[in-house]
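Spelled out from the first residue to the last, the chains are:
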Amino acid sequence: MNSARTLLSIKQLEIVYPSQEGHGYNTAVNGLNLDLAQGEIGCLLGSSGCGKSTVLRAICGFEPAHSGEILLRDKVVSSPSLHIPPNQRRVGMVFQDFALFPHLTVLENIAFGLQHLPHQERDTVAKEWLKRVSLLDKAGSYPHELSGGQQQRVALARAMAPEPDLILLDEPFSSLDVDLRERLAVEMREILKANNITALLVTHDQLEAFAIADRVGVMSDGKVLQWDSPYELYHKPMNRYIADFIGRGVFVKGFIQAGDKVQIELGTLELDQEHDGQVGDEVNVLLREDDIQHDDNSPTQAEVVRKTFRGADFLYTLRLKSGVEVFALVPSHHDHAIGEKIGICLAADHVVTFKD
Ligand code: ADP
Ligand code: MG
């Protein structure tokens, strides 16, 4: 976090819940670290139960820190000896189900968090936010009269209206149609960026995380394993778990050669990251679906084992001579039958390798 100001900093955070049996506790967040700069959008990505919602609730002030600390603008708000209450943190939260008030109009929902303002001003500010999320014409509607995407924008406007320092969003798209999600993620990113709002969201959907966030943290077992840009996560995963979790790929066997190269069944690849291997060492080389290209003229052949039509391309599963199976994204006018042998070549730019 070089020049930009750090807004949120979490250090070695541990959150526990009392165990079901009544004695002892279960650890939900276990030594979590992350930093988010002013104006940045961060995303915690991980499978169900890994502790994502617990982290958000802790930042909001709904869960106490068992150990470690949470800082907002360099001020400790949570530690084992200090707990600033939620209403003094200047943190807004958008819940998974939006939690709009059903008996209040859209405008009233947004004005709800502005009780500190005089009545007239409350209305003006609420309308201003409705305009920013392009819903001014729905001011008098009730939540049930809106589509899911519109409700989500109301929830976002309601959280933003009191101008918190930080907005937290728990799986903000999970109750929406799949085809809406990516578009809304992009739209939400634009709204947050246009208003210079710092946000941290959680999701289990990788494409969503990549579409919206500047920084993504891959979570597992209550920890952030890697906190990086989507590009770095994809191309420079720190360990095998992240490499497996992000993108679609397989590991094939390779041998390190002189001059920072690695030899795999399909040919030789340049290593572009620092690797601690010696010449001759056996390593696992990550091959993603975009690292293998189809080329009718290539002498290297692989057999089509499976294929999935995805519109613009096919995702082929190909069996190499050795029996190893790899993925390849191929433009969909190359429609080959299962069992057919097709020519392939390597097109890997960022080669990721791990020792066993
Ligand atoms: P995620 O949002 O990633 O699905 P959560 O933060 O909701 O994960 O949960 C993390 C872990 O903490 C899970 O094992 C869950 O069962 C447990 N947990 C969550 N909330 C509570 C609670 N209120 N009481 C006890 N255990 C909880
Ligand atoms: Mg959750």
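Residues numbered from 1 in each chain as written. Chains lettered and ligands numbered in written order. Predicted model: local features only at pLDDT ≥ 70, side-chain atom pairs only at ≥ 80, totals over all residues. Heavy atoms only, no water.

**Describing the domain arrangement of the protein**
And then number 1: According to the domain assignment, the protein consists of domain 1 (3-90 + 164-242) and domain 2 (248-355).
And then number 2: Placing a centre on the C-alpha atoms of domain 1 and another on those of domain 2 gives a separation of 34 Å.
And then number 3: Facing 9 residues of domain 1, the contacting portion of domain 2 comprises 9 residues.
And then number 4: Summed over both sides, the interface between domain 1 and domain 2 buries roughly 870 Å², with carbon and sulfur atoms accounting for 53% of that surface.
And then number 5: Sorting the residues of domain 1 by area buried against domain 2 places Tyr234, His235 and Arg240 first, and these three jointly supply 63% of that buried surface.
And then number 6: Across the domain 1-domain 2 interface, the total number found is 0 salt bridges.
And then number 7: Across the contact surface, domain 1 and domain 2 share 2 residue pairs in polar contact (both at pLDDT 80 or more).
And then number 8: Element by element, the count of residues in the side of domain 1 that touches domain 2 is highest for helix 7 (residues 230-235), at 4 residues. (Domains from an automatic or database assignment. Contact = heavy atoms within 4.5 Å. Buried area = accessible area lost by both parts, 1.4 Å probe. Salt bridge = Lys/Arg side-chain N within 4 Å of Asp/Glu carboxyl O. Polar contact = N/O pair within 3.5 Å; in protein donor to acceptor, adjacent residues only side chain to side chain. Helix = DSSP H or I, 4+ residues; strand = E, 2+ residues; numbered from the N terminus.)

**With respect to the pairing of strand 3 (residues 41-45)**
And then number 1: Burial analysis of strand 3 places 5 of its 5 residues in the buried class, the great majority of the element.
And then number 2: Of the two faces of strand 3, the one lined by Ile41, Cys43 and Leu45 and the one lined by Gly42 and Leu44 are each fully buried.
And then number 3: Across 4 bridges, the pairing between strand 3 and strand 10 (residues 215-220) is parallel. Looking at strand 10, one finds that Cys43 is bridged to Val216. (Buried < 20%, exposed > 50% of the residue type's maximum accessible area, 1.4 Å probe, protein only. Pairing = 2+ DSSP bridges.)

**Quick word on the packing of aromatic side chains**
And then number 1: This structure, assessed with the given rule, holds 5 aromatic pairs.
And then number 2: Taken together, a centroid distance of 4.5 Å and an interplanar angle of 55° make the contact between Phe101 and Phe112 tilted. Within this pair, whereas Phe101 is found in the loop between strand 7 (91-94) and helix 2 (106-111), its partner Phe112 is found in the loop between helix 2 and helix 3 (119-132), the two being separated by 11 residues in sequence.
And then number 3: Note on Tyr241 and Phe245: the rings are 6.0 Å apart at their centroids and 15° apart in plane angle, and the pair reads as stacked. One end of the pair, Tyr241, and the other, Phe245, are both in helix 8 (residues 240-245), 4 residues apart, so they sit about a helical turn from each other.
And then number 4: In this structure an aromatic cluster arises from ring pairing among Phe309, Phe314 and Tyr316.
And then number 5: Its end group placed over the ring of Phe251, Arg240 keeps NZ or CZ at 3.9 Å from the ring centre. (Phe/Tyr/Trp six-rings, centres within 6.5 Å; stacked < 30°, edge-to-face > 60°. Lys NZ or Arg CZ within 6 Å of the ring centre and 35° of its normal.)

**A look at the pattern of salt bridges**
And then number 1: On inspection of all chains with the given rule, the structure shows 19 salt bridges.
And then number 2: Notably, a salt bridge pairs Lys355 with Asp281, separated by 3.7 Å at the nearest N-O pair. Linking Lys355 in the segment after strand 21 (352-354) with Asp281 in the loop between strand 14 (267-270) and strand 15 (282-288), this pair joins segments that are 74 residues apart in sequence.
And then number 3: Judged by its relative accessible area of 43%, Lys355 is partly exposed.
And then number 4: With relative accessibility at 22%, the residue Asp281 sits in the partly exposed group.

**A look at unusual backbone geometry**
And then number 1: Unlike most non-glycine residues, Asp74 shows phi in positive territory, near 65°.
And then number 2: Assignment of secondary structure puts Asp74 in the loop between strand 4 (67-72) and strand 5 (75-79).
And then number 3: The class of Asp74 is exposed, set by a relative accessible area of 58%.
And then number 4: Its identity is not glycine, yet Asn196 carries a phi of approximately 50°, on the positive side.
And then number 5: Looking at the secondary structure, you find Asn196 in the loop between helix 5 (178-194) and strand 9 (198-203).
And then number 6: Overall, the relative accessible area of 47% leaves Asn196 in the partly exposed class.

**As for the packing of helix 4 (residues 148-160) against helix 5**
And then number 1: It is at 11 Å that the axes of helix 4 and helix 5 come closest, and there the two elements cross at 25°. Taken together, the axes of helix 4 and helix 5 lie roughly parallel to each other. Of the two elements, helix 4 crosses helix 5, and the hand of that crossing is right-handed. Seen from helix 4, the contacting residues are Gly149, Gln152, Arg153, Leu156 and Met160; seen from helix 5, they are Leu180, Leu184, Glu187, Met188, Ile191 and Leu192. (Axes fitted to C-alpha atoms, helices over the stretch in contact; angles between N-to-C directions. Parallel < 35°, antiparallel > 145°, perpendicular 65-115°, else oblique. Left-handed = near helix turned anticlockwise from the far one by under 90°.)

**Things to note about the environment of Val326**
And then number 1: Looking at where Val326 falls in the secondary structure, it is placed in strand 19 (residues 325-331).
And then number 2: Look at Val326 and you get buried, because its relative accessible area is 1%.
And then number 3: Residues Val326 and His336 lie 10 residues apart in sequence; the distance between their C-alpha atoms is 16 Å.
And then number 4: Filtering out sequence-adjacent residues up to four positions away, Val326 remains in contact with Val250, Val252, Leu287, Ile292, Tyr316, Thr317, Leu318 and Leu320.

**Remarks on helix 1 (residues 52-60)**
And then number 1: Taking burial as the measure, the 9 residues of helix 1 include 7 buried ones, the bulk of the element.
And then number 2: Of all the positions in helix 1, only Lys52, Thr54, Val55, Leu56, Ala58, Ile59 and Cys60 are classed as buried.
And then number 3: Where helix 1 ends, the next residue or the one after it, Gly61, has phi of about 105°, a positive value.

**Topic: the site of ligand 1**
And then number 1: Tyr17, Ala28, Ser47, Ser48, Gly49, Cys50, Gly51, Lys52, Ser53, Thr54 and Arg57 make up every residue found near ligand 1.
And then number 2: Between Gly51 and ligand 1, the recorded distance is 3.1 Å, taken from a backbone N or O atom to an oxygen atom.
And then number 3: Take Thr54: an N or O atom from its side chain is 2.5 Å from an oxygen atom of ligand 1.
And then number 4: When isolated, ligand 1 has an accessible area of 560 Å², and the protein chains bury 57% of it. (Near = heavy atom within 4 Å. Areas by Shrake-Rupley, 256 points an atom, 1.4 Å probe, with all protein chains shown as cover.)

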